[in-house]
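Below are the chains, spelled out letter by letter.
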Amino acid sequence: MDKIDKDRNDKYDNGEEMQMKITAGLGSIDEYERFVHAGADEFFCGYVPYEWTKKYGTVMPLNRREVLSYNVQIGSLGELEILAAMVKEYGKPVHLTFNALYYIPEQYPEIAEMIKKCMRIGFDSYIIADPALILYLRKQHIDCEIHLSGETAEVNTGMVDIFQQMKLKRVIFHRKNTIEDMKSVITHVRRQNVGNTEGKRDVRPSQSRLEFEAFALNELCQFTGAFCNSLHCDEMGYLCRVPYLLTCIKNGQQRNDYITCGKATSDRDDIPGQETPSTEIPAEDDTGYLPGASGCGFCALYRLKEAGITHLKLVGRGNYTDFMEKDIRNLRRALDILKASKTEKDYINSMKKILFPYGCSGNCYYRQHYYRSKK
């Protein structure tokens, strides 16, 4: 491996400039072609067959999106076969999510058989949060590509070293990871060559390099996914939608600043994932759309690229299809602006002028970056 620059991870080992890819949420097969034309590079979607829902209901979720009232996931093998044909036609891969935090013992063989069926029709990559399921699949010699879900909680160098023994394809950083955290992990992997799994058993040739994905747009949450026991189903409201007040205790004293309903009310910089609202007045378009209204990482793209992030997660399973298409187009425009910008300042100024002429939501994923860029 070529020597890695101590401050940058945004080049491949052969010296070529890294281009981050857009990984967009897919709620139904009807959205696939539309999102491909909008500029998405790949997709992730849930698959919950009726047999699973009938047997386990919503209290034992398969992928944390046990919703039936609107398009959130694929519900039959027949739909998957249609989607597989479209993937073959357009060449934009789809990763299936099996990212519940844990399963009961009897479910592991069922999930393994489900994955085998999906692999036979062309789906080779899976987003998984439960370490036991990853280990089970490898013990069963199921050679699928595994993306470590952002629901798995803390990501650090030791964690990546351990999980890479199970031959991961990609690590998805969770919502509360800072850019500095990500950079530290990626630099460690590049230097230690932990990501080189070429030639190992059960790993496809394309898995020779570990990839890294970060949240970029939508669905910022006050909770850490690995510790969230809310059910995302039709029968009750999601806990992440409940108004909340988050305060900080320091030296036994409650600070006066606080975060409420996803918006910070002071210049605090110690809790990643929330942001002070913009002083400008955000302007939605005539359909009520504003980029990043529920969570935005546009300003951080420059540093995410420098850190070595290879893929950007655009959350949106279940969102309005029109809004998701606009999200994809706007994220693609931001990446085009990033590619043409020589400095971080140039990028942020140009991006805000084009995408947020009347102000943004202020609901930032990466708050530390926000304050640094304001100095």
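Residues numbered from 1 in each chain as written. Predicted model: local features only at pLDDT ≥ 70, side-chain atom pairs only at ≥ 80, totals over all residues. Heavy atoms only, no water.

K.L.:
Would you explain the pairing of strand S1 (residues 21-25) in this entry?
P.N.:
In terms of burial, S1 is a largely internal element, four of the five residues being buried. Across three bridges, the pairing between S1 and strand S2 (residues 42-47) is parallel. Across the sheet, residue Ala 24 finds its bridge partner in S2, namely Phe 43. Handedness of the crossover joining S1 and S2 through helix H1 (residues 32-38): right-handed. (Buried < 20%, exposed > 50% of the residue type's maximum accessible area, 1.4 Å probe, protein only. Helix = DSSP H or I, 4+ residues; strand = E, 2+ residues; numbered from the N terminus. Pairing = 2+ DSSP bridges. Right-handed = clockwise from strand over helix to strand, strands pointing away.)

K.L.:
Sorry if this is basic, but what is going on with the packing of aromatic side chains here?
P.N.:
The way to describe two aromatic rings as a pair is by their centre distance and the angle between their planes. Within this structure, the stated rule accounts for 12 aromatic pairs. Their ring planes at 65° and their centres at 6.1 Å tell us that Tyr 32 and Tyr 90 sit as a pair that is edge-to-face. Highlighted residues: Tyr 32 in helix H1 and Tyr 90 in helix H3 (residues 77-90), separated in sequence by 58 residues. What makes Tyr 32 buried here is its relative accessible area of 0%. Ring pairs connect the aromatic residues Tyr 32, Phe 43 and Tyr 90, which therefore count as one cluster. The ring of Phe 44 carries the charged tip of Lys 313 above its face, separated from the ring centre by 3.9 Å. (Phe/Tyr/Trp six-rings, centres within 6.5 Å; stacked < 30°, edge-to-face > 60°. Lys NZ or Arg CZ within 6 Å of the ring centre and 35° of its normal.)

K.L.:
Would you take a moment to explain helix H5 (residues 131-139) for this structure?
P.N.:
Because each turn of an α-helix spans 3.6 residues, side chains separated by three or four positions end up pointing in the same direction. Those residues of H5 not exposed but buried are Leu 133, Ile 134, Leu 137 and Arg 138. Buried residues of H5, seen end-on, are gathered within an arc of 135° and therefore sit on one face of the element. Where H5 is buried, its residues touch strand S4 (94-98), helix H4 (107-120), strand S5 (125-128), strand S6 (145-148) and helix H6 (157-164). The opening residue of H5 is Asp 130, an N-cap whose side-chain oxygen sits 3.0 Å from the backbone nitrogen of Ala 132. Backbone geometry just after H5 places His 141 at a positive phi near 60°. (Arc of directions from axis to C-beta. Contact = heavy atoms within 4.5 Å. Polar contact = N/O pair within 3.5 Å; in protein donor to acceptor, adjacent residues only side chain to side chain.)

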